Amino acid sequence: MSTLIEAVNLTRVLPAIVPVTLIKDVSLSVGEKEFVAVTGPSGSGKSSLLYLLGLLDRPTSGTLKIGGRDSGPMDEQERARTRLAMMGFVFQFHFLLPEFTVRENVEIPMRKLGQLSRPQMRERATELLESLGLAGHLDKRPDQLSGGQRQRVAVARSLANDPPIVLADEPTGSLDTKSSEQVFHILETLVRERNKTVIAVTHDVEMAARMDRRIHLVDGGIEEP
Amino acid sequence: MRLILEIAFTHIAGRGRQTLVAIVGVAVGVGFSVAMAALMQGGQDDFVEQLINTMPHVQITDERRTPPRQPAEEVFGAAAISGLRPREDRRGIINPTAALTWLRGWVPGQVAENLKAQGVIRYAGRDVGASIIGVDPDAERGVSPIVEDFVQGSFDRLRAGGNNILIGDTMASRLGAGLGDTITAVSSTGLSRNFKIAGLFHTGTTARDEGEAYVLLKNAQILSERANAINEIRIKLADPNAAPAVAKRTEAELGYKAMAWQEANESILEALVVRNVIMYTVVAAIMLVAGFGIFNIISTITHEKARDIAIMKSLGFAEADMRRLFLIEGVAIGAAGSLFGWLLGFSLVYALAQVRFELATTGQEMTRLPIAWSFLHYLLAAGFALASAAVAGYLPARRAAKLNPVDIIRGAT
Ligand SMILES: Nc1ncnc2c1ncn2[C@@H]1O[C@H](COP(=O)(O)OP(=O)(O)OP(=O)(O)O)[C@@H](O)[C@H]1O
Ligand SMILES: [Mg+2]
């Protein structure tokens with residue numbers, strides 16, 4: 001099992017008159033097909049860690065390797081490229097582009113990557129959405145869907161370019177119990193059947209317990225249970 | 001790239017009314033710039049054309065730009081010679097026949113020689129100072145529009161030979177003389193001869209109408225006691241723009257001062273340049289204002305779409321993509337505005353071209369506004385508009401591209 005994400009002493013300090021330490025000396029290593037929970041009290045730095053791992057933010061110090069490549073020397077363009085090909089994001093709020101239909105939203109990352117033909121993209125988007133139970137909603141706009149449906153569209157979009165890593169920040173945080181269960185089940189399926197590595201921030205202790213591994217953060221640092 | 005275009009389009013389409021205002025702003029700017037340029041260029045062309053028609057394109061006089069070297073200077077290679085009394089040159093173009101033959105051999109246009117002498121025209125005890133110009137009627141016809149300007153008599157009467165003279169109508173009225181009267185011309189050397197008025201001209205230029213008198217070249221030479229002399233050669237070219245080159249070659253060969261019409265009217269042409277500078281400044285100012293409209297809408301979009309920017313960045317769009325996106329939006333508005341501006345400009349110019357009015361002072365024929373139809377005006381106005389749109393789009397685009405997605409995602413959750 002090869003290592004997908006390897007962080008050594010990651011630290012992120014927000015520069016200010018009184019600097020705020022978001023992440024402090026975090027070292028971790030995540031391999032293929034892992035289902036990882038990031039837990040911790042509110043304000044402990046869970047989101048901050050996820051942004052660092054997703055190359056949305058740069059660490060103040062420490063090293064981070066994605067798929068064996070050091071992210072430190074990458075320029076902005078390369079980081080964008082790595083996000084595009086290697087990662088999918090799911091946030092607490094769906095974050096879909098409101099002017100585009102559900103299927104177009106899923107197609108956008110594919111079009112940006114540009115490796116498939118347009119009919120292939122369309123086919124793949126349709127397949128992804130149907131597999132997430134959205135068969136009847138392909139041509140709707142995001143605001144015509146329920147919260148749970150939107151979140152599933154976001155999951156479909158995160159899988160658009162078939163990335164090895166899916167990062168989810170409280171993906172079920174704004175959903176009711178039934179939708180939460182559904183989305184959680186989908187994430188679990190991604191790991192078990194599609195060989196993805198999923199790192200999900202969750203407040204839900206019970207959910208975290210059902211995952212392979214738990215990273216517990218307190219005040220920006222990892223606390224061993 | 002198509003993707004970026006599509007996203008740009010949805011953004012613009014999402015703000016219909018504001019987009020429309022921005023487009024109208026650009027269109028009005030482009031339209032009025034085109035109309036203004038057509039008017040200004042038209043006026044200028046009109047003016048320059050008159051200049052070209054009335055003036056000789058190259059005028060060769062018997063002057064030199066630098067005083068001729070004195071014989072002593074030719075012989076002794078000294079650095080400075082003082083106390084030398086310059087040899088008195090006889091004025092006039094030396095060896096005129098050779099010079100004229102040489103000129104007629106290569107100049108693409110008409111060449112006419114004349115002898116201009118200062119003198120006095122006298123009639124019934126009244127004196128008027130005048131330039132007495134001796135011309136060859138056949139050659140003169142080719143270089144001077146005065147042939148067309150006769151109110152009484154005609155230029156051709158000069159050709160008949162004899163002691164005929166043509167004077168301006170103003171001079172005639174100052175002298176109290178009319179067609180067929182005999183006047184006396186007195187040269188600066190004191191010689192006087194009688195001439196019969198064979199024609200009266202009116203050029204519209206007062207200095208000429210009251211100060212010029214035309215006689216046969218031979219008569220002028222007799223009057224000024226300079227047989228075979230000429231002191232001016234005028235050239236009318238097929239292509240007025242060739243004048244400086246012709247002047248240069250002539251001056252180099254003959255040594256006499258040869259002045260192209262551009263040089264003679266340098267200050268007027270400079271004034272035209274200043275006028276153009278002012279015009280383009282005004283165009284630029286209009287476009288600047290139109291640019292504010294574009295800046296405003298793109299800024300609004302980038303603020304409104306901050307969340308979308310964060311989403312796209314998290315999906316893997318780079319800063320350059322985001323910059324391009326909003327730049328395209330600005331330029332698209334500029335392009336749409338330019339297109340409508342062209343239509344507006346065309347309509348305005350067309351409308352202006354229909355306007356006719358009567359010049360009150362001369363009370364003559366109906367006049368149209370001088371209008372120049374030039375595609376260049378359209379290109380220039382659109383160029384200005386697009387450049388201003390690009391800048392107006394680029395500034396907010398650059399800021400939007402730099403937005404940190406983390407800040408926005410945090411802010412939204
Ligand atoms: N721009 C900022 N300025 C100051 N402090 C900040 C800023 N952004 C985040 N923080 C602080 O950093 C800490 C970590 O924030 P983060 O969002 O990563 O926590 P979290 O574990 O995701 O919390 P939650 O469970 O509420 O989502 C918090 O204490 C937060 O207040
Ligand atoms: Mg959080």
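The paragraphs below set out a description of the structure included in this document. (Residues numbered from 1 in each chain as written. Chains lettered and ligands numbered in written order. Predicted model: local features only at pLDDT ≥ 70, side-chain atom pairs only at ≥ 80, totals over all residues. Heavy atoms only, no water.)

What follows is about the site of ligand 1. Around ligand 1, the surrounding shell holds 14 residues, and the nearest of these are Ser-42, Lys-46, Ser-47 and Ser-48 of chain A together with Arg-410 of chain B. Bordering ligand 1 are residues originating from chains A and B. One of the side-chain N or O atoms of Lys-46 of chain A is found 2.7 Å from an oxygen atom in ligand 1. Contacts to ligand 1 include Ser-48 of chain A, whose side-chain N or O atom sits 2.5 Å from an oxygen atom. Here ligand 1 has 640 Å² of accessible area as a free molecule, and 62% of this is covered by the chains. If you list the elements that add at least two residues to the shell around ligand 1, you get strand E2 (20–31) and helix H1 (46–53) of chain A. At three residues, the largest contribution of residues to the shell around ligand 1 is made by H1 of chain A. (Near = heavy atom within 4 Å. Polar contact = N/O pair within 3.5 Å; in protein donor to acceptor, adjacent residues only side chain to side chain. Areas by Shrake-Rupley, 256 points an atom, 1.4 Å probe, with all protein chains shown as cover. Helix = DSSP H or I, 4+ residues; strand = E, 2+ residues; numbered from the N terminus.)

The next thing to look at is the environment of Ala-124 of chain B. Within the secondary structure, Ala-124 of chain B sits in the loop between strand E2 (109–123) and strand E3 (126–135). Sequence separation of Ala-124 of chain B and Lys-218 of chain B is 94 residues, and the distance between their C-alpha atoms is 26 Å.

Here the focus is the interface of chain A and chain B. On the side of chain B, 27 residues touch chain A, which itself brings 26 residues to the contact. Buried area between chain A and chain B, both sides added, is near 2500 Å², and the carbon and sulfur share of it is 62%. Sorting the residues of chain A by area buried against chain B places Phe-95, Arg-111 and Lys-112 of chain A first, and these three jointly supply 23% of that buried surface. Here Lys-305 of chain B ties to Glu-99 of chain A by a salt bridge, and the two come within 2.3 Å at their closest N and O atoms. The interface formed by chain A and chain B holds seven residue pairs in polar contact (both at pLDDT 80 or more) in total. (Contact = heavy atoms within 4.5 Å. Buried area = accessible area lost by both parts, 1.4 Å probe. Salt bridge = Lys/Arg side-chain N within 4 Å of Asp/Glu carboxyl O.)

Once that is clear, we can look at the pattern of salt bridges. Counted under the stated rule, the structure contains 23 salt bridges over all chains. With its nearest N and O atoms 2.8 Å apart, the salt bridge here joins Asp-57 of chain A to Arg-12 of chain A. With Asp-57 of chain A in the loop between H1 and strand E4 (61–66) and Arg-12 of chain A in strand E1 (residues 3–14), this pair connects stretches of sequence that are 45 residues apart. Of the two residues, Asp-57 of chain A and Arg-12 of chain A, neither departs from the other in class, the shared state being buried. Several salt bridges converge on common partners, so that one network encompasses Lys-116, Glu-140, Glu-232 and Arg-234 of chain B. (Buried < 20%, exposed > 50% of the residue type's maximum accessible area, 1.4 Å probe, protein only.)

Residues and elements named next belong to chain A. Of note, Leu-55 is a non-glycine position whose phi angle comes to about 60°, a positive value. For Leu-55, a relative accessible area of 2% puts it in the buried group. A positive phi is found at Glu-170, a non-glycine position, where the angle reads about 45°. Mapping Glu-170 onto the fold places it in the loop between strand E7 (165–169) and helix H6 (177–194).

We now examine helix H4 (residues 118–131) of chain A. Because each turn of an α-helix spans 3.6 residues, side chains separated by three or four positions in sequence point in the same direction. Residues and elements named next belong to chain A. Helix length check: H4, at 14 residues, gives a terminal C-alpha distance of 20 Å against a target of 20 Å (1.5 Å per residue), a fit within 8%. Within the sequence span of H4, burial applies to Met-121, Ala-125, Thr-126, Leu-128 and Leu-129. Taken end-on, H4 shows its buried residues confined to a sector of 165°, consistent with a single buried face. Across H4 from its buried face, at more than 90 degrees, point the exposed residues Pro-119 and Glu-123. On the buried face of H4, the contacting elements are helix H3 (102–113), helix H5 (147–158) and H6. With its phi angle positive at about 75°, Gly-133 sits one or two positions after the end of H4. (Expected span 1.5 Å × (residues − 1). Arc of directions from axis to C-beta.)

This part takes up the sheet that holds strand E5 (residues 69–70) of chain A. Residue and element names in this part refer to chain A. Strand order in this open sheet of four strands is E2-E1-E4-E5, and the pairing throughout is antiparallel. Of all strands in the sheet, those with a lone pairing partner are E2 and E5, marking the two edges. Of the strands in this sheet, E1, E2 and E4 touch H1, which is tilted by about 55° from E2. (Pairing = 2+ DSSP bridges. Axes fitted to C-alpha atoms, helices over the stretch in contact; angles between N-to-C directions.)

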